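Next come the chains, spelled out residue by residue.
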Amino acid sequence: MVRKKTTGDRIFDAMNLVFLAIFTFICIYPLWHVLCGSFSDPVLLNQHTGAIMWPLGWSLGGYKNAFANPNLIQGYLNTFFYVGFGTLVRMALTCIGAYVLSERKFMLRKPMTLLIVFTMYFSGGMIPDYLLVNAMHLTNTRWALILPLAITTWNMIILKTAFQSVPDSLVESARLDGASELTTLVRVILPVTKASIAVITMYYVVNEWNAWFKAAIYLPAKHEYFPLQLVLRELLITNAGMSGTSLGEATGIASVETLLLQEVTQYAVIVISTLPIIIVYPFAQKYFVKGVMMGSVKG
């Protein structure tokens, strides 16, 4: 029998809807503001004050100025390489490390876990990291952004916990059938823990997509290896993507036009840097749910 809603229930539901609507607007509006600003006319945008609910006029000047930077396309390609190949390397090493630490029969499991967790709380710092990377002759190479950051301790601990939740009967059955450790990991452990694998993969992808600081330290002489975020950072700071002469050298009308285009270009740069990850995330979110269902074990 369905319980009839009282007046108090209806008021509570209405208040929830109002609260969620306000909260959704607060989360979405900054993105909408930037998107509308990126397509706005520079003159109208400069004259406008307050919120932007739709593009002010219509102009692609900000995007033209952003893509006028020859390093932007190369930055995109570099980021796709770092995100794709880098995430593949990180996930492979993280899964192998988590599998070793999750093996209950491994005698050094506890001391190794303690040593690995210790690095999560205490690290050498930026200078020792740079000295190590430089001593390994990785500076000014793409490997400087992949190998030193190959494993995140917290992510490996999460996978270790997920692997330990796999029933021992599944692992023992695989070993009785003659499966090696690698086969057991790939064909038994990973399919059962797809939800955790998807989450950790997304962590690595988002972190790598937004990374720029390590590249600024390890790639000082290799601008062609810069990831997208570092290219966009330099574009915003130094106005490298602005057409015409720089602000300091421009005079008269050219100076005014360049100044007006600056804000629109900043909006366009934000859209360029965030749009791909925003598009990918909903598909990853669906995969999380699918991974949970596929990773469930029926008793």
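Shown above is the structure to which this text applies.
Keep in mind that this is a model prediction, so the values were computed, not measured.

## Some thoughts on the side chain of Ser-273
By secondary structure assignment, the location of Ser-273 is in helix α13 (residues 252-295). Ser-273 sits in the buried class, given a relative accessible area of 11%. If we ignore the near neighbours within four places in the chain, the residues touching Ser-273 are Trp-209, Leu-228, Gln-229 and Leu-232.

## What about the packing of aromatic side chains?
This structure, assessed with the given rule, holds 13 aromatic pairs. Centroid distance Phe-19 to Phe-23: 6.3 Å. Interplanar angle 15°. Geometry classified as stacked. Taken together, the residues Phe-19 and Phe-23, both in helix α1 (residues 7-38) and four residues apart, mark about one turn of the helix. Residue class for Phe-19 comes out exposed when judged on its relative accessible area of 54%. Residues Tyr-130 and Tyr-218 carry aromatic rings whose centres are separated by 6.3 Å and whose planes lie at 15° to one another, so their mutual orientation is stacked. One end of the pair, Tyr-130, is in helix α6 (residues 126-135); the other, Tyr-218, is in helix α11 (residues 213-218), and 88 residues separate them in sequence. Counting every residue linked through ring pairs, the aromatic cluster contains Phe-81, Tyr-82, Phe-85 and Trp-143.

## Quick notes on the pattern of salt bridges
Between side chains of opposite charge, a pair can form when the charged atoms approach closely. Enumeration over the complete set of coordinates arrives at six salt bridges. A salt bridge links Glu-172 to Lys-105, with the nearest nitrogen and oxygen atoms 3.8 Å apart. Of this pair, Glu-172 sits in helix α8 (residues 168-176) while Lys-105 is found in the loop between α4 (71-102) and α5 (109-121), placing the two residues 67 residues apart along the sequence. Overall, Glu-172 belongs to the partly exposed group, its relative accessible area being 34%. Note that Glu-181 and Arg-175 form a salt bridge whose closest N and O atoms lie 3.2 Å from each other. The partly exposed category is assigned to Arg-175, whose relative accessible area is 23%.

## Details of a nonpolar patch on the surface
A surface patch of nonpolar side chains, amounting to about 920 Å² of accessible area, comprises Val-18, Ile-22, Phe-25, Ile-26, Ile-28, Trp-32, Leu-35, Met-53 and Trp-54. Looking at the element boundaries, Ile-22 is found in helix α1.

## Remarks on α1
Compared with the 46 Å implied by 1.5 Å per residue over 32 residues, the 46 Å span of α1 between its first and last C-alpha is a close match. Along its length, α1 reaches its greatest deviation from straightness, about 35°, at Ile-28, and the proline Pro-30 lies no more than four positions downstream. Every buried residue of α1 is accounted for by Tyr-29, His-33, Val-34, Cys-36, Gly-37 and Ser-38.

## Digging into the packing of helix α7 (residues 153-164) against helix α10 (residues 194-210)
Closest axis-to-axis distance for the α7/α10 pair is 10 Å, and the angle between their directions is 175°. In terms of their interaxial angle, α7 and α10 are classed as roughly antiparallel. Across from Asn-155, Ile-158, Leu-159, Ala-162 and Phe-163 in α7, the residues of α10 making contact are Ser-196, Ile-197, Ile-200, Tyr-203 and Tyr-204. In terms of residue class, the contact of α7 with α10 is built from eight nonpolar, two polar and no charged.

## Details of unusual backbone geometry
Residues other than glycine seldom take positive phi values, yet His-137 does so here, at roughly 60°. Turning to its location among the elements, His-137 is positioned in the loop between α6 and α7. His-137 sits in the exposed class, given a relative accessible area of 68%. Phi is positive for Asn-140, which is not a glycine, with a value near 60°. Turning to its location among the elements, Asn-140 is positioned in the loop between α6 and α7.

## Concerning the environment of Leu-236
Secondary-structure assignment places Leu-236 in helix α12 (residues 228-238). The spacing of Leu-236 and Glu-263 is 27 residues in sequence and 9.6 Å in space, taken between C-alpha atoms. Every residue in contact with Leu-236, bar those within four places of it in the chain, is listed here: Gln-266 and Val-269.

How each quantity is defined
Residues numbered from 1 in each chain as written. Predicted model: local features only at pLDDT ≥ 70, side-chain atom pairs only at ≥ 80, totals over all residues. Heavy atoms only, no water. Helix = DSSP H or I, 4+ residues; strand = E, 2+ residues; numbered from the N terminus. Buried < 20%, exposed > 50% of the residue type's maximum accessible area, 1.4 Å probe, protein only. Contact = heavy atoms within 4.5 Å. Phe/Tyr/Trp six-rings, centres within 6.5 Å; stacked < 30°, edge-to-face > 60°. Salt bridge = Lys/Arg side-chain N within 4 Å of Asp/Glu carboxyl O. Patch = residues over 30% accessible without salt bridge, like charges linked within 9 Å, V, L, I, M, F, W, Y side chains within 5 Å. Areas by Shrake-Rupley, 256 points an atom, 1.4 Å probe, with all protein chains shown as cover. Expected span 1.5 Å × (residues − 1). Bend = angle between axes of the 7 residues up to and from the residue. Axes fitted to C-alpha atoms, helices over the stretch in contact; angles between N-to-C directions. Parallel < 35°, antiparallel > 145°, perpendicular 65-115°, else oblique. Nonpolar A, V, L, I, M, F, W, Y, C, P; charged D, E, K, R; others polar.

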